[in-house]
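Observations on the model geometry
One-letter residues, chain by chain:
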Amino acid sequence: MDKSLINVGVAQLKIGKKPTTLRTILGSCIGICIYDRMNKIGGMAHILLPSDTTGGIIPEKYADTAIPLLVNSLIKNGAKKEYLSAKIAGGASMFKFGANVSLGQIGERNIAETKKTLEKLDIPILVEDTGGSAGRVINFFLEDGRLKVRAAGKEKIYYKI
Amino acid sequence: MHAQIKQRIESIITNIEQLPSIPEVASKIMNMINDPDVSFKRIAEEISKDQAMTTNILKLCNSAFFSKGKEITSIDRAIVTLGLKEINDIVLVIAAKPVLDKAIIGYDLGKGDLWKQGLVAATISKNIAMKKNKGIADIVFTGGLIHNVGKVVLALYVQNTFNEILNTVKERGITFNEAEKEIMGFNHQEVGEKILSKWNFPPVLKSIVRYYHEPQNAPDEHKVEVSIVHVAHSLSIMAGIGVGSDGLYHEFNDFAVKSAGLSGEELEELFSKMPNVLKQIRELL
């Protein structure tokens, strides 16, 4: 087993630096990958829902609380705010869902809240591989900030940092 | 439709030898548990004859997932403390794990993904039943655990026809499992039902496996159980658990939500509790 590969579970947040790779599997959740291109450190948050309505106990679970937490942990570990950029993936919706199953489109709400929160923090989004109905396996390579997305049997690699 | 592929799948599902098996001792114990004429004592004796089964059962009885607090050191105590229904669940967890805990290539699932999804669907199904209909909690746990078993056999053929299946989904606007049937002549639910027939599982479990994507078509007496597993399955793929190359190209239907007696808020709450469920099952992975 590759020791530098770290799995990020649902409602978890992990940070690291070269040669670590952060990996997760996404349905309607969003993987938010933030990278400091100068200091080569980065992190990933795997959020389940857009925002907390219950005064929640787990900030990592929601876009609006997990993203600031991720940014702050990166800065605490030596990243500089001005070098940070984001790549986001996930937010799929069920292919078909009933009129009373509003949860079926939670993916869309997750995407919207993620973008809003990143915008508020003034972090540019360089890559969006979101929406549709495909599941995604993503690997975020902290050696150079590239993101590999495997969806519906096909792979894409995003190099922009 | 590929006539040749259809024929090959047909020959597999009609040839019992080629379908996955569970240990004979496990089926025997589950049948004894479900037979009201068999005493506790005889069941305990039967389990004790098999050293590996005994050890595994005791291990799971003392896991956080099944434990009632007190340490259990004998099968007799296990039956008295947990009850026969829980012992049945435990035996199935032991028997099904080797079948489901492997990489499923055609569906792009890594080793452990399908097993994890089974455990998650089983746990969510049980949680729903505990709130709405306690009497069926153990059945829906079992059904959730094995609902995807047909994928184990069908994966090889999905691998060869994946692009055609996905194109059919996109062009015709039908779900992935509907497209499986269109292209290969069978979907994984039908194959799963055959596997359960081989295992001599009861009709309600066969209905769950056969209809979990279309609970409205299940026999009336099983609609609630099938609907609960439909909801649990949908929530699991949305959370990325057991989501493979078929993605979310499935239906999350109103009928199931209504028949399980769930409101929109309850659905969202179940989804938001996913991290707790994952924590609960960690020991069983």
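Residues numbered from 1 in each chain as written. Chains lettered and ligands numbered in written order. Predicted model: local features only at pLDDT ≥ 70, side-chain atom pairs only at ≥ 80, totals over all residues.

Things to note about the overall build of chain B
- The helix and strand tally for chain B stands at 16 helices and one strand.
- In terms of overall dimensions, chain B is globule-like: its C-alpha atoms have a radius of gyration of 19 Å, near the 19 Å expected for 285 residues.
- Seen along its three principal axes, the alpha-carbon backbone of chain B occupies a region of about 60 × 45 × 35 Å.
- Counting across all 285 residues of chain B, residues that qualify as buried make up 52%.
- Contacts in chain B between residues far apart in sequence, at least 24 positions, make up 64% of those at least 6 positions apart. (Helix = DSSP H or I, 4+ residues; strand = E, 2+ residues; numbered from the N terminus. Rg over C-alpha atoms; globule rule 2.2 N^0.38 Å. Buried ≥ 20, exposed ≤ 12 C-beta atoms within 10 Å, placed from the backbone. Contact = placed C-beta atoms within 7 Å.)

What to know about the overall build of chain A
- Of regular secondary structure, chain A possesses two helices and eleven strands.
- For chain A, the N- to C-terminal ordering of α and β elements is β-β-β-β-β-α-β-β-α-β-β-β-β.
- A compact globule built from 161 residues would reach a C-alpha radius of gyration of about 15 Å, and chain A, at 15 Å, matches this within 12%.
- Counting only C-alpha atoms and orienting by the principal axes, one finds that chain A spans roughly 50 × 40 × 30 Å.
- Looking at the 161 residues of chain A, the share that counts as buried comes to 49%.
- For chain A, the proportion of contacts with a sequence separation of at least 24, taken over those separated by at least 6, is 62%.

Some remarks on the interface of chain B and chain A
- Taken together, the 29 residues of chain B in the interface contact 31 residues of chain A.
- Broken down by secondary-structure element, the contributors of at least two residues to the side of chain B that touches chain A are α9 (150-172), α13 (223-238), β1 (251-252), α14 (254-259), α15 (264-272) and α16 (274-281) of chain B.
- Per-element tally for the side of chain B that touches chain A: the top contributor is α15(B), with five residues.
- Across two bridges, strand β7 (residues 96-97) of chain A lies against β1(B) in parallel orientation. By the bridge assignment, A:Lys96 is partnered in β1(B) with B:Glu251. (Pairing = 2+ DSSP bridges.)

Regarding the sheet that holds strand β10 (residues 147-151) of chain A
All names here are of chain A.
- With mixed pairing, five strands are arranged side by side in an open sheet as β1-β3-β9-β10-β11. If you trace the sheet from one side to the other, it starts and ends with β1 (5-7) and β11 (154-158), each paired once. Ignoring strand direction, the axes of neighbouring strands in this sheet form an average angle of 20°.
- Strand direction decides the pairing type here: β1 and strand β3 (residues 21-26), joined by three bridges, are parallel. Within the sheet, the bridge partner assigned to Leu5 lies in β3 and is Thr21. (Axes fitted to C-alpha atoms, helices over the stretch in contact; angles between N-to-C directions.)

With respect to the sheet that holds strand β4 (residues 30-36) of chain A
All names here are of chain A.
- Across the sheet, five strands lie side by side as β2-β5-β4-β6-β8; this open sheet has mixed pairing. Of all strands in the sheet, those with a lone pairing partner are β2 (13-17) and β8 (125-130), marking the two edges. Between one strand and the next, the sheet's axes are offset by a mean angle of 15°, whatever the strand orientation.
- Where β2 and strand β5 (residues 41-47) come together, five bridges link them in antiparallel fashion. What sits directly across from Lys17, in β5, is Ile41.

So, the packing of helix α11 (residues 188-198) of chain B against helix α12 (residues 203-211) of chain B
Residue and element names in this part refer to chain B.
- Relative to each other, α11 and α12 sit at 160°, their axes nearing to 7 Å. Looking at the two axes, α11 sits roughly antiparallel to α12. Taken as a pair, α11 and α12 cross one another with a handedness that is right-handed. Counting all contacts with α11, which are made through Gln189, Glu190, Gly192, Glu193, Leu196 and Ser197, the residues of α12 involved are Leu205, Lys206, Val209, Arg210 and Tyr211.
- When its residues are assigned to classes, the contact of α11 with α12 shows four nonpolar, three polar and four charged. (Parallel < 35°, antiparallel > 145°, perpendicular 65-115°, else oblique. Left-handed = near helix turned anticlockwise from the far one by under 90°. Nonpolar A, V, L, I, M, F, W, Y, C, P; charged D, E, K, R; others polar.)

Focus: helix α7 (residues 113-132) of chain B
- Taking 1.5 Å of rise per residue, the 20 residues of α7(B) would be expected to cover 28 Å, and the 28 Å separating its terminal C-alpha atoms lies within 8% of that figure.
- Within α7(B), 17 of the 20 residues are buried, which leaves it mostly tucked inside the rest of the structure. (Expected span 1.5 Å × (residues − 1).)

A short note on the environment of B:Asn200
- Note that B:Asn200 resides in the loop between α11 and α12.
- In this structure the C-alpha to C-alpha distance between B:Asn200 and B:Ser259, which are 59 residues apart in sequence, comes to 27 Å.

Re the nonpolar core
- With 147 residues, the main nonpolar core has A:Ile32 and A:Ile47 as its most contacted residues.
- Sequence-distant contacts of A:Ile47, that is, excluding residues within four places in its chain, are made with A:Cys29, A:Ile30, A:Ile32, A:Lys61, A:Tyr62, A:Ala63, A:Ala66 and A:Asn110. (Core = buried A, V, L, I, M, F, W, Y, C linked by C-beta atoms within 7 Å.)

Some thoughts on the confidence of the model for chain B
- When the pLDDT values of chain B are averaged, the result is 95; 100% of them are 70 or greater.
- Reported confidence for the predicted complex is 0.95 by ipTM and 0.96 by pTM. (pLDDT = per-residue confidence, 0-100.)

Let's talk about the pairing of strand β9 (residues 136-141) of chain A
Residue and element names in this part refer to chain A.
- Of all six residues making up β9, five are buried, and the element is well covered by its neighbours.
- Sheet topology note: the β9/β10 ladder contains five bridges and is antiparallel. Bridge assignment links Val137 to a residue of β10, and that residue is Arg150.
- In this antiparallel pair of consecutive strands, β9 and β10, the connection spans five residues, and Gly145 shows a positive phi of 80°.

Details of unusual backbone geometry
Residue and element names in this part refer to chain A.
- Here the amide bond leading from Lys18 into Pro19 is cis, since omega sits at 5°, within 30 degrees of zero.
- Along the polypeptide, Pro19 turns up in the loop between β2 and β3.
- For Ala152, which is not a glycine, the phi torsion comes out positive at approximately 45°.
- Mapped onto the elements, Ala152 comes out in the loop between β10 and β11.

Brief notes about the environment of B:Ser74
- Relative to the assigned elements, B:Ser74 resides in the loop between α4 (51-61) and α5 (75-82).
- When the C-alpha atoms of B:Ser74 and B:Leu58 are compared, they prove to be 7.1 Å apart, with 16 residues separating the residues in sequence.

Topic: the packing of α5(B) against helix α6 (residues 84-100) of chain B
Residue and element names in this part refer to chain B.
- Relative to each other, α5 and α6 sit at 115°, their axes nearing to 6 Å. Listed contacts from α6 to Ala78, Ile79 and Leu82 of α5 are Leu84, Glu86 and Ile87.
- Residue composition of the contact of α5 with α6, grouped by class: five nonpolar, no polar and one charged.

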